[in-house]
Amino acid sequence: MTTTESPIHLRSPEARDGKTVWELVRAGGTLEANTPYCYLLLCSHFAENCIVAEKRGEIVGFIMAYRPPSDPEAVFVWQVGVAPAGRGQGLATKMLDRLIAQPGNFDARFLIATVDPDNAPSNKLFAAFARGQGATLETETGYGPELFPPGHAPEPLLRIGPLPTRARNSD
Ligand SMILES: CC(C)(COP(=O)(O)OP(=O)(O)OC[C@H]1O[C@@H](n2cnc3c(N)ncnc32)[C@H](O)[C@@H]1OP(=O)(O)O)[C@@H](O)C(=O)NCCC(=O)NCCS
(Lines give C-alpha, C1' and ligand atoms only; values in the text may rest on other atoms or scores of the structure.)
Protein backbone atom coordinates (compact mmCIF):
# COMPACT_ATOMS: atom_id res chain seq x y z
CA MET A 1 0.00 0.00 0.00
CA THR A 2 1.29 3.45 -0.80
CA THR A 3 0.49 6.54 1.25
CA THR A 4 0.46 10.02 -0.18
CA GLU A 5 1.83 12.72 2.15
CA SER A 6 -0.32 15.87 2.05
CA PRO A 7 1.57 18.77 0.48
CA ILE A 8 2.71 21.65 2.63
CA HIS A 9 1.80 25.12 1.46
CA LEU A 10 3.92 28.09 2.53
CA ARG A 11 2.30 31.53 2.54
CA SER A 12 2.26 34.91 4.27
CA PRO A 13 0.04 34.91 7.36
CA GLU A 14 -3.22 36.81 7.74
CA ALA A 15 -4.66 38.45 10.85
CA ARG A 16 -6.87 35.40 11.50
CA ASP A 17 -3.72 33.19 11.80
CA GLY A 18 -2.41 35.04 14.86
CA LYS A 19 -4.36 32.99 17.38
CA THR A 20 -3.33 29.69 15.77
CA VAL A 21 0.34 30.70 15.88
CA TRP A 22 -0.12 31.54 19.56
CA GLU A 23 -1.66 28.09 20.14
CA LEU A 24 1.27 26.39 18.35
CA VAL A 25 3.76 28.33 20.49
CA ARG A 26 1.98 27.20 23.65
CA ALA A 27 1.76 23.57 22.45
CA GLY A 28 5.43 23.49 21.40
CA GLY A 29 6.65 23.93 24.96
CA THR A 30 10.01 25.62 24.15
CA LEU A 31 9.25 29.14 22.99
CA GLU A 32 8.23 31.94 25.33
CA ALA A 33 4.51 32.44 24.68
CA ASN A 34 3.62 36.09 24.20
CA THR A 35 0.09 37.44 24.11
CA PRO A 36 -2.33 36.38 21.35
CA TYR A 37 -2.57 40.07 20.40
CA CYS A 38 1.20 40.18 19.82
CA TYR A 39 0.93 37.32 17.25
CA LEU A 40 -2.10 38.99 15.67
CA LEU A 41 -0.10 42.20 15.19
CA LEU A 42 2.85 40.37 13.64
CA CYS A 43 0.52 38.40 11.32
CA SER A 44 -1.14 41.61 10.15
CA HIS A 45 1.37 44.50 10.33
CA PHE A 46 4.33 42.31 9.34
CA ALA A 47 2.53 39.76 7.13
CA GLU A 48 4.97 40.31 4.25
CA ASN A 49 7.91 39.55 6.56
CA CYS A 50 6.43 36.43 8.18
CA ILE A 51 5.48 32.98 6.91
CA VAL A 52 3.20 30.10 7.89
CA ALA A 53 3.17 26.49 6.68
CA GLU A 54 -0.21 24.85 6.09
CA LYS A 55 -0.99 21.15 5.76
CA ARG A 56 -4.56 20.05 5.05
CA GLY A 57 -5.70 23.56 5.96
CA GLU A 58 -3.97 23.50 9.38
CA ILE A 59 -1.02 25.65 10.32
CA VAL A 60 1.88 23.32 11.19
CA GLY A 61 4.75 25.80 11.25
CA PHE A 62 5.48 29.52 11.36
CA ILE A 63 8.18 32.15 11.40
CA MET A 64 7.43 35.52 12.99
CA ALA A 65 9.87 38.09 11.62
CA TYR A 66 10.27 41.78 10.81
CA ARG A 67 12.78 44.32 9.46
CA PRO A 68 14.32 46.23 12.40
CA PRO A 69 14.36 49.97 11.60
CA SER A 70 17.75 50.17 13.38
CA ASP A 71 19.25 47.50 11.07
CA PRO A 72 17.47 47.97 7.73
CA GLU A 73 19.64 45.51 5.78
CA ALA A 74 18.51 42.68 8.07
CA VAL A 75 15.42 40.58 8.57
CA PHE A 76 15.03 39.61 12.22
CA VAL A 77 13.61 36.15 12.92
CA TRP A 78 11.90 36.55 16.25
CA GLN A 79 10.30 33.10 16.66
CA VAL A 80 10.27 29.95 14.55
CA GLY A 81 8.25 26.88 15.41
CA VAL A 82 7.11 23.59 13.90
CA ALA A 83 4.31 21.44 15.35
CA PRO A 84 5.91 18.57 17.31
CA ALA A 85 4.69 15.89 14.84
CA GLY A 86 6.30 17.68 11.90
CA ARG A 87 9.79 18.28 13.31
CA GLY A 88 13.02 16.82 11.89
CA GLN A 89 11.70 16.73 8.31
CA GLY A 90 13.27 19.91 6.97
CA LEU A 91 10.20 22.16 7.34
CA ALA A 92 11.88 24.94 9.34
CA THR A 93 14.76 25.05 6.85
CA LYS A 94 12.27 25.28 3.96
CA MET A 95 10.40 28.09 5.73
CA LEU A 96 13.62 30.07 6.27
CA ASP A 97 14.60 29.61 2.61
CA ARG A 98 11.19 30.91 1.53
CA LEU A 99 11.08 33.62 4.20
CA ILE A 100 14.00 35.48 2.65
CA ALA A 101 12.15 35.64 -0.69
CA GLN A 102 8.97 37.05 0.89
CA PRO A 103 7.92 40.43 -0.57
CA GLY A 104 9.07 42.19 2.62
CA ASN A 105 12.44 40.43 2.84
CA PHE A 106 13.80 39.67 -0.62
CA ASP A 107 16.21 42.61 -0.48
CA ALA A 108 17.56 41.86 3.03
CA ARG A 109 21.30 41.13 3.04
CA PHE A 110 21.37 39.50 6.46
CA LEU A 111 19.14 37.23 8.50
CA ILE A 112 19.50 37.80 12.23
CA ALA A 113 18.03 35.89 15.17
CA THR A 114 18.63 35.52 18.87
CA VAL A 115 19.00 31.93 20.01
CA ASP A 116 19.31 30.30 23.40
CA PRO A 117 22.78 28.65 23.33
CA ASP A 118 21.23 25.54 24.94
CA ASN A 119 18.59 25.15 22.18
CA ALA A 120 20.41 22.61 19.97
CA PRO A 121 17.68 22.18 17.31
CA SER A 122 17.45 25.93 16.88
CA ASN A 123 21.23 26.43 16.65
CA LYS A 124 21.48 23.55 14.15
CA LEU A 125 18.64 25.02 12.13
CA PHE A 126 20.37 28.39 11.66
CA ALA A 127 23.71 26.68 10.94
CA ALA A 128 22.01 24.53 8.27
CA PHE A 129 20.33 27.61 6.78
CA ALA A 130 23.65 29.52 6.62
CA ARG A 131 25.33 26.52 4.95
CA GLY A 132 22.52 26.23 2.41
CA GLN A 133 22.82 29.93 1.52
CA GLY A 134 26.61 29.76 1.30
CA ALA A 135 26.66 32.52 3.94
CA THR A 136 28.76 33.16 7.05
CA LEU A 137 27.24 32.81 10.53
CA GLU A 138 28.63 35.10 13.21
CA THR A 139 27.61 35.33 16.85
CA GLU A 140 27.28 38.77 18.47
CA THR A 141 26.49 39.74 22.07
CA GLY A 142 22.79 40.35 21.44
CA TYR A 143 20.78 40.86 24.61
CA GLY A 144 22.49 39.95 27.89
CA PRO A 145 20.74 38.54 30.98
CA GLU A 146 20.79 41.98 32.67
CA LEU A 147 18.17 43.13 30.16
CA PHE A 148 15.66 40.51 31.28
CA PRO A 149 13.90 39.69 34.54
CA PRO A 150 15.75 37.10 36.65
CA GLY A 151 15.68 33.56 35.23
CA HIS A 152 15.55 34.51 31.55
CA ALA A 153 18.34 33.06 29.40
CA PRO A 154 20.62 35.51 27.54
CA GLU A 155 19.83 35.99 23.85
CA PRO A 156 23.06 36.05 21.80
CA LEU A 157 22.48 37.30 18.27
CA LEU A 158 23.30 35.24 15.20
CA ARG A 159 24.04 37.22 12.03
CA ILE A 160 23.91 35.25 8.78
CA GLY A 161 25.04 36.77 5.50
CA PRO A 162 25.61 38.29 3.14
CA LEU A 163 22.65 36.46 1.60
CA PRO A 164 22.67 35.77 -2.14
CA THR A 165 20.58 37.97 -4.44
CA ARG A 166 17.16 36.42 -4.97
CA ALA A 167 13.84 36.95 -6.72
CA ARG A 168 10.80 38.29 -4.88
CA ASN A 169 8.21 35.58 -4.21
CA SER A 170 4.68 36.92 -4.15
CA ASP A 171 2.68 33.68 -3.62
C1 LIG B 1 13.78 24.49 16.08
C2 LIG B 1 12.67 23.90 15.18
C3 LIG B 1 11.88 25.06 14.61
C4 LIG B 1 13.35 23.11 14.04
O5 LIG B 1 12.33 22.72 13.13
P6 LIG B 1 12.50 21.44 12.15
O7 LIG B 1 11.50 21.56 11.06
O8 LIG B 1 12.48 20.21 12.97
O9 LIG B 1 13.99 21.70 11.59
P10 LIG B 1 14.63 21.01 10.28
O11 LIG B 1 14.03 19.65 10.10
O12 LIG B 1 14.55 21.98 9.15
O13 LIG B 1 16.13 20.82 10.75
C14 LIG B 1 17.08 21.86 10.70
C15 LIG B 1 18.39 21.39 11.30
O16 LIG B 1 18.24 21.18 12.71
C17 LIG B 1 18.55 19.83 13.05
N18 LIG B 1 17.59 19.41 14.08
C19 LIG B 1 16.23 19.45 13.99
N20 LIG B 1 15.70 18.94 15.14
C21 LIG B 1 16.73 18.60 15.93
C22 LIG B 1 16.83 18.05 17.25
N23 LIG B 1 15.73 17.75 17.97
N24 LIG B 1 18.06 17.84 17.76
C25 LIG B 1 19.19 18.15 17.07
N26 LIG B 1 19.16 18.68 15.82
C27 LIG B 1 17.94 18.90 15.27
C28 LIG B 1 18.39 19.05 11.77
O29 LIG B 1 19.17 17.88 11.77
C30 LIG B 1 18.87 20.05 10.73
O31 LIG B 1 20.29 20.13 10.71
P32 LIG B 1 21.14 19.43 9.54
O33 LIG B 1 20.64 20.02 8.26
O34 LIG B 1 22.53 19.83 9.90
O35 LIG B 1 20.86 17.97 9.66
C36 LIG B 1 11.74 22.93 15.96
O37 LIG B 1 12.54 21.98 16.63
C38 LIG B 1 10.83 23.62 16.98
O39 LIG B 1 9.73 24.09 16.63
N40 LIG B 1 11.28 23.70 18.25
C41 LIG B 1 10.51 24.38 19.30
C42 LIG B 1 10.55 25.88 19.12
C43 LIG B 1 11.97 26.45 19.11
O44 LIG B 1 12.81 26.05 19.90
N45 LIG B 1 12.22 27.40 18.18
C46 LIG B 1 13.55 28.02 18.01
C47 LIG B 1 13.76 29.22 18.85
S48 LIG B 1 13.27 30.73 18.01
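Residues numbered from 1 in each chain as written. Predicted model: local features only at pLDDT ≥ 70, side-chain atom pairs only at ≥ 80, totals over all residues. Heavy atoms only, no water.

Draft legend 1. A look at unusual backbone geometry. Cis geometry is found at the peptide bond from Gly-161 to Pro-162, where omega equals -10°. Its place among the elements puts Pro-162 in the segment after strand E7 (155-161). Of note in this structure, Arg-56 is not a glycine but carries a positive phi near 45°. Position of Arg-56 relative to the elements: it lies in the loop between strand E2 (51-55) and strand E3 (58-66). (Helix = DSSP H or I, 4+ residues; strand = E, 2+ residues; numbered from the N terminus.)

Draft legend 2. Representation of the site of the ligand in the model. Every one of the 19 residues lining the ligand counts as a neighbour, but Val-80, Gly-88, Gly-90, Thr-93 and Asn-119 are closest to it. For the ligand, a nitrogen atom lies 2.8 Å from a polar atom in the backbone of Val-80. Burial of the ligand by the protein amounts to 75% of the accessible area it has alone, namely 920 Å². With respect to the pocket detection grid, the ligand is positioned in the largest pocket. Of all the elements in the fold, those that place two or more residues in the shell around the ligand are strand E4 (74-82), helix H3 (91-99) and helix H4 (120-133). Tallying contributions element by element places H4 first for the shell around the ligand, with 6 residues. (Near = heavy atom within 4 Å. Polar contact = N/O pair within 3.5 Å; in protein donor to acceptor, adjacent residues only side chain to side chain. Areas by Shrake-Rupley, 256 points an atom, 1.4 Å probe, with all protein chains shown as cover. 1 Å grid on protein atoms, 1.4 Å probe; cavity = no way out; pocket = protein on both sides within 12 Å on 5 of 7 lines; lining within 4 Å. Sits in = over half its atoms within 2 Å of the grid points.)

Draft legend 3. Molecular detail of the side chain of Gln-102. Tracing the backbone through its elements, the reader meets Gln-102 in the loop between H3 and strand E5 (110-114). A polar contact of 2.8 Å, which involves the side chain of Gln-102, links it to the backbone oxygen of Cys-50. In this structure Gln-102 touches Ser-12, Ala-47, Glu-48, Cys-50, Ile-51 and Asn-169, once residues within four positions along its chain are discounted. (Contact = heavy atoms within 4.5 Å.)

Draft legend 4. Here's a closer look at the pattern of salt bridges. Scanning all chains against the criterion turns up 8 salt bridges. A salt bridge links Arg-16 to Asp-17; the shortest N-O distance between them is 4.0 Å. Linking Asp-71 and Arg-159 is a salt bridge whose minimum nitrogen-to-oxygen distance equals 2.8 Å. Highlighted residues: Asp-71 in the loop between E3 and E4 and Arg-159 in strand E7, separated in sequence by 88 residues. You can call Arg-159 buried: its relative accessible area is 18%. One continuous salt-bridge network, built from bridges that share partners, spans Arg-11, Glu-14, Arg-16, Asp-17 and Glu-54. (Salt bridge = Lys/Arg side-chain N within 4 Å of Asp/Glu carboxyl O. Buried < 20%, exposed > 50% of the residue type's maximum accessible area, 1.4 Å probe, protein only.)

Draft legend 5. Main features of the layout of surface pockets. In this structure, the largest pocket spans a volume of roughly 1300 Å³. Considering the residues around the largest pocket, the lining is formed by 49 residues, among which Leu-31, Trp-78, Val-80, Asn-119 and Ser-122 are closest to the centre. Every element with two or more residues in the lining of the largest pocket is listed here: helix H1 (18-28), E3, E4, H3, E5, H4 and E7. For the lining of the largest pocket, the element with the most residues is E4, which contributes 7 residues. For the second largest pocket, the calculated volume is near 270 Å³. Lining the second largest pocket are 14 residues, with Ile-8, Lys-55, Val-60, Gln-89 and Leu-91 positioned closest to its centre. Put simply, the parts of the chain that give the lining of the second largest pocket at least two residues each are strand E1 (8-11) and H3. (Points joined across faces, edges and corners; volume = space filled by probe spheres on them.)

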